[in-house]
Amino acid sequence: MSNVIEEFISISNVETHLKIAGQGSPLLYLHGLGLSNLWLPFHQALAEHYKVYAPDHPGFGLSSNPDWFDSMEDFIIHYVELLDVLNLSSINLVGHSLGGWIAAEIASFFPDRINKLVLIAAGGLRVAGSPITDIFALSPELLPMVCFEDPNKAMVIASQRDMSNIQKLILQDYRERTMAAKLAWKLGYNPKLARRLRRACMPTLIVWGKNDKIVSTAHAQQYCNLIPNAKLAIIDECGHVPIVEQSEQTTNLILEFLNQ
Amino acid sequence: MTKKMEFYYFHLMPYPYLPPDFHKQYDSTWITLPNSLYDPEKGHKLYNRYIDELVKAAELGWDGVCVNEHHQTAYGTMPSPNIIAAMLVHRIQKAKIAIVGNALPLHDDPLRVAEEIAMLDVISGGRIISGFVRGTGMEYFSYNINPAHSRDRFYEAHDLIIQAWTKAGPFAFEGQHYNYRYVNIWPRPLQKPHPPIWLPGTGSLETIEFAAKHRYPFMMVFSPQTYQRKAYALYRQIAEEKFGYQAQPNQLAFAIPTFVAETDEIARKEAEPHVMWLFHKGLHVPQHFNFPPGYVTEKSLASLLGSGIKPFHKLTFQELIDQGYIIVGSPATVIEKLSIYTEEMKAGILIGGAHAGDMPEDLVNKNMEMFAKEVMPHFH
């Protein structure tokens, strides 16, 4: 069982909080909204085979929240600089939801830095007729119902939060949603991404919950069509958060793909 | 002699014809309330009636009339307050026309606001008051403007408009959100240095400090009296300690629906259903629509969470009266309650009005006439 080390690394004056665990080839994991600063069985399973770096995005978790940080370009440069600071010439890149969008962008700009790419329920694309759900318009009560096929599974996340200070959690959530709004309020996707994905030539796995009500499987298919070397895995009885809702199956799919 | 209080008649121009099962059917009067519920034939009559009410208020002696901007809601049907102001400028000869206000961050081209206010000011002979607001949280959904940039856009649009009104053009304006190579508006406003600016708000530290810094009247909107007192105290303190002057009553304004009738009992009976339309239907909004991410600072959100303040649509009629959101009663009661503002709180501008929610025309007229005749003279 790998021990998890926590570190703060300064990247162009942005204090970035990371959880690091495991041995082997480096794997950078980029989290989704509401899922910062977590170490779930999913992360642990990956860390049994790879050296997992799981940073909190700027504005999320324990990372700092610079005023000027407000665009996808800022995220792309931030993570490429993180790789430089960690002295990692190339990595396996795994991203979920918002983190999946960032991962797809990094892959289209810096394909040489990525050995294999895994996109899980990733945002970022516009698919005509299948708009991404406006998460900012969902009430906190409704959010787990829409994100999960079985909302009870959301308890796994709550169990890792300090529920003794609800106000602190609300403010943390507000801060993270504010950073997400900076990226995705006006447009929950990047119209340029579809054209750019032709550059992401690395072997790619697209993983999606069959009943994803945030980003529908039409987006999974679109990613698969646009990324030259991609294959698709759809998970049954699963909503937008496969890493929690079908953790074991998701992990097995990813490990099988990465180990090939 | 200076008046103890200036009176402004405020209209929201609501669309009151919501279905009886409204609360069962819809979770919000804003953003998502289907516009199939809007009947333009009824709207035609409403607009004309509401404009007549504002004209009548000016004739009855109100110092000014107020319009404001809201989008995609039955709460208020003035997406462009400047259009209504343009009509009022011609029908009202002496009173001020206060636009409280244009929601600056919602507009990608705030130079248009500078131009329209300047036009109105020139046409009206300098009778325009120009309020600037950020708009409600809901309007960031309706206009798809990023709430995380709301405050920055507000400050920047404010600076642009003031410069456009006061600085000789053409000049360039380079901001983070707004950029113009040529700022050179025709016409320039008539009032010097520019039309008065009012800042309506709910009492955040940031807004009060901004108002005190520029000596703009701060207009407290729909809030309990304890909050109004705190906001005025803060304004005075910041004015004195940070900017070295004493805030005057004409810098402290309050927007409070007021209703007067022969007795307290009659006033309550007449006002209640229509006031409750305003707070329970007009302001029926889920919290997450009110506070989209980044719309308020974390500090403001923290103080709101700790305040225990109820959402508008959960307040009872009695709570609205007791907490000072509204003033309802006989002329003597209304005078007594307003005197708290002039005597204790040293606030000198009432943004009131006789209309609320679905109040019928005859009741509005009665309320308006009685207020003008029996309440207003007391403060002259």
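Just so it is clear, the model here is predicted, and its values are computed rather than measured. (Residues numbered from 1 in each chain as written. Chains lettered and ligands numbered in written order. Predicted model: local features only at pLDDT ≥ 70, side-chain atom pairs only at ≥ 80, totals over all residues.)

Before going further, it helps to examine the overall build of chain A. When helices and strands are counted, chain A shows 10 helices and eight strands. For 260 residues, the compact-globule estimate of 2.2 N^0.38 gives 18 Å, and the C-alpha radius of gyration of chain A, at 17 Å, lies within 12% of that figure. Overall size of chain A, expressed as C-alpha extent along the three principal axes, is 45 × 40 × 40 Å. Out of the 260 residues in chain A, the part that is buried amounts to 47%. Nonlocal contacts in chain A, meaning residues at least 24 apart in sequence, comprise 73% of its contacts between residues at least 6 apart. (Helix = DSSP H or I, 4+ residues; strand = E, 2+ residues; numbered from the N terminus. Rg over C-alpha atoms; globule rule 2.2 N^0.38 Å. Buried ≥ 20, exposed ≤ 12 C-beta atoms within 10 Å, placed from the backbone. Contact = placed C-beta atoms within 7 Å.)

Once that is clear, we can look at the sheet that holds strand β6 (residues 114–120) of chain A. Residues and elements named next belong to chain A. Taken in spatial order, the eight strands of this open sheet run β1-β2-β4-β3-β5-β6-β7-β8, and their pairing is mixed. In this open sheet, the two edge strands, each paired with only one partner strand, are β1 (5–11) and β8 (230–235). Each strand of the sheet is rotated relative to its neighbour by a mean of 20°, with strand direction disregarded. Examined bridge by bridge, strand β3 (residues 26–30) and strand β4 (residues 51–55) share three bridges and lie parallel to one another. From the neighbouring strand, proline 26 faces β4, where its bridge partner is lysine 51. Lying on the sheet, helix α10 (residues 247–259) is in contact with β5 (91–96), β6, β7 (204–209) and β8; it crosses β7 at an angle near 170°. (Pairing = 2+ DSSP bridges. Axes fitted to C-alpha atoms, helices over the stretch in contact; angles between N-to-C directions.)

This paragraph deals with the interface of chain A and chain B. Between chain A and chain B, the residue contacts involve 16 residues of the former and 14 residues of the latter. Residue composition of the side of chain A that touches chain B, by class: nine nonpolar, three polar and four charged. (Nonpolar A, V, L, I, M, F, W, Y, C, P; charged D, E, K, R; others polar.)

Moving on, we get to the nonpolar core. Ranked by internal contacts, the top residues of the largest apolar core, which has 112 residues, are B:Tyr8, B:Val65, B:Phe218, B:Met219, B:Tyr235, B:Phe254 and B:Ile351. A total of six residues in this core trace back to one element, the largest contributor, which is helix α6 (residues 150–166) of chain B. Once residues lying within four places of it in the same chain are set aside, the contact partners of B:Ile351 are B:Tyr8, B:Phe10, B:Cys66, B:Met219, B:Ala253, B:Phe254 and B:Ala255. Judged by nonpolar contacts, the second largest core, of 71 residues, contains A:Val14, A:Leu18, A:Ile91 and A:Ala220. (Core = buried A, V, L, I, M, F, W, Y, C linked by C-beta atoms within 7 Å.)

With that out of the way, let us pick up the confidence of the model for chain B. Low pLDDT marks regions whose predicted coordinates should not be analysed in detail. When the pLDDT values of chain B are averaged, the result is 96; 99% of them are 70 or greater. Two numbers describe this predicted complex: its pTM, 0.95, and its ipTM, 0.94. (pLDDT = per-residue confidence, 0-100.)

Turning next to the environment of B:His280. By the element assignment, B:His280 lies in helix α9 (residues 264–282). In this structure, the C-alpha to C-alpha distance between B:His280 and B:Thr316, residues 36 residues apart in sequence, is 9.0 Å.

Time to look at helix α8 (residues 217–226) of chain A. Residue and element names in this part refer to chain A. Every buried residue belonging to α8 is among His219, Ala220, Gln222 and Tyr223, and all of these are buried. For α8, the buried positions fall inside an angular range of 165° around the axis, keeping them on one side. Buried residues along α8 sit in contact with β6, β7 and β8. (Arc of directions from axis to C-beta.)

Here we take up the sheet that holds strand β12 (residues 349–352) of chain B. Taken in spatial order, the eight strands of this closed barrel run β1-β2-β3-β4-β7-β8-β9-β12 (chain B), and their pairing is parallel. This sheet shows a mean twist of 25° between the axes of neighbouring strands, independent of strand direction.

B:Gly169 connects to B:Pro170 through a cis peptide bond whose omega is 0°. Omega for the bond connecting B:Lys192 with B:Pro193 falls within 30 degrees of zero, at 0°, which places this linkage in the cis form. Assignment of secondary structure puts B:Pro193 in the loop between β6 (179–183) and β7 (197–201). The phi torsion at A:Ser12 lies on the positive side, around 45°, for a residue other than glycine.

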